[in-house]
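A closer look at the structure
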Amino acid sequence: MPDSPAESTEPTRRRRPVQLLFEPQSAEPEPERFFDLESIEDPAELLRRSTELALAFRAAAERATDFQAVAAAQLADPRRFDALSDADIADRADWTPDYAAKMIEYGRTLLQPRRHED
């Protein structure tokens, strides 16, 4: 029995390359795009679309802030066995302790049941 492939009497089989099922990534990264604003050439359309986006982002930021406040109030709830201090919440959210206290208070107002005056 031969010890090396050179001494083998069997012909070596050539392997075929595997078929690619995907497009390989290009060497150059694609330019960064921001909601296709850079492709809008009409200044009036650019102003309209960018204003629309700015308002949408502003509304989203305000809503996210409300959720932050609610979460902070829930984490600071003294009825929780694992309630966090204002300083602990400030550390987690990258806030100052004073801002954390204000957010906790704001979150408590958001958690209160709405009172309807009839």
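Anyway, here's the lowdown on the structure attached to this text. (Residues numbered from 1 in each chain as written. Predicted model: local features only at pLDDT ≥ 70, side-chain atom pairs only at ≥ 80, totals over all residues. Heavy atoms only, no water.)

Description of helix 3 (residues 97–111)
Heads up, the rule is: Secondary structure elements follow DSSP: runs of H or I of four or more residues count as helices, runs of E of two or more count as strands, with numbering from the N terminus. Helix span, expected: 1.5 Å multiplied by one less than the number of residues in the helix. Note on classification: 1.4 Å probe, protein chains only; a residue is buried when its accessible area is under 20% of the maximum for its type, exposed when over 50%, partly exposed between these limits. As used here, the arc belongs to the directions running from the helix axis to the C-beta atoms. By the convention used here, residues are in contact when the closest approach between their heavy atoms is within 4.5 Å.
Between the first and last C-alpha of helix 3 there are 21 Å, a value that for 15 residues agrees with the 21 Å anticipated at 1.5 Å per step. Considered for burial, the residues of helix 3 that qualify are Ala100, Met103, Ile104 and Gly107. All buried residues of helix 3 project into a common sector of 105° when viewed along the axis, lining one side. Helix 3 presents Asp98 and Lys102 as exposed residues on the side facing more than 90 degrees away from its buried surface. For helix 3, the secondary structure elements touched by its buried residues are helix 1 (43–76) and helix 2 (86–93).

What about the pattern of salt bridges?
Pairs can form between side chains of opposite charge once their charged atoms are near each other. Defined as follows: Salt bridges, as used here, are contacts in which a Lys or Arg side-chain nitrogen is within 4 Å of a carboxyl oxygen on Asp or Glu.
Taken as a whole and assessed by the stated rule, the structure comprises eight salt bridges. Two residues, Asp82 and Arg80, come together in a salt bridge whose shortest N-O distance is 3.1 Å. Accessibility expressed as a relative area gives 34% for Asp82, which makes it partly exposed. For Arg80, a relative accessible area of 33% corresponds to the partly exposed category. The salt bridge involving Glu105 is made with Arg108; its shortest N-O contact spans 3.8 Å. One end of the pair is Glu105 and the other is Arg108, both in helix 3 and three residues apart, which spans about a single turn. The class of Arg108 is partly exposed, set by a relative accessible area of 34%.

Remember that the coordinates give geometry; whether it matters functionally is a separate question.
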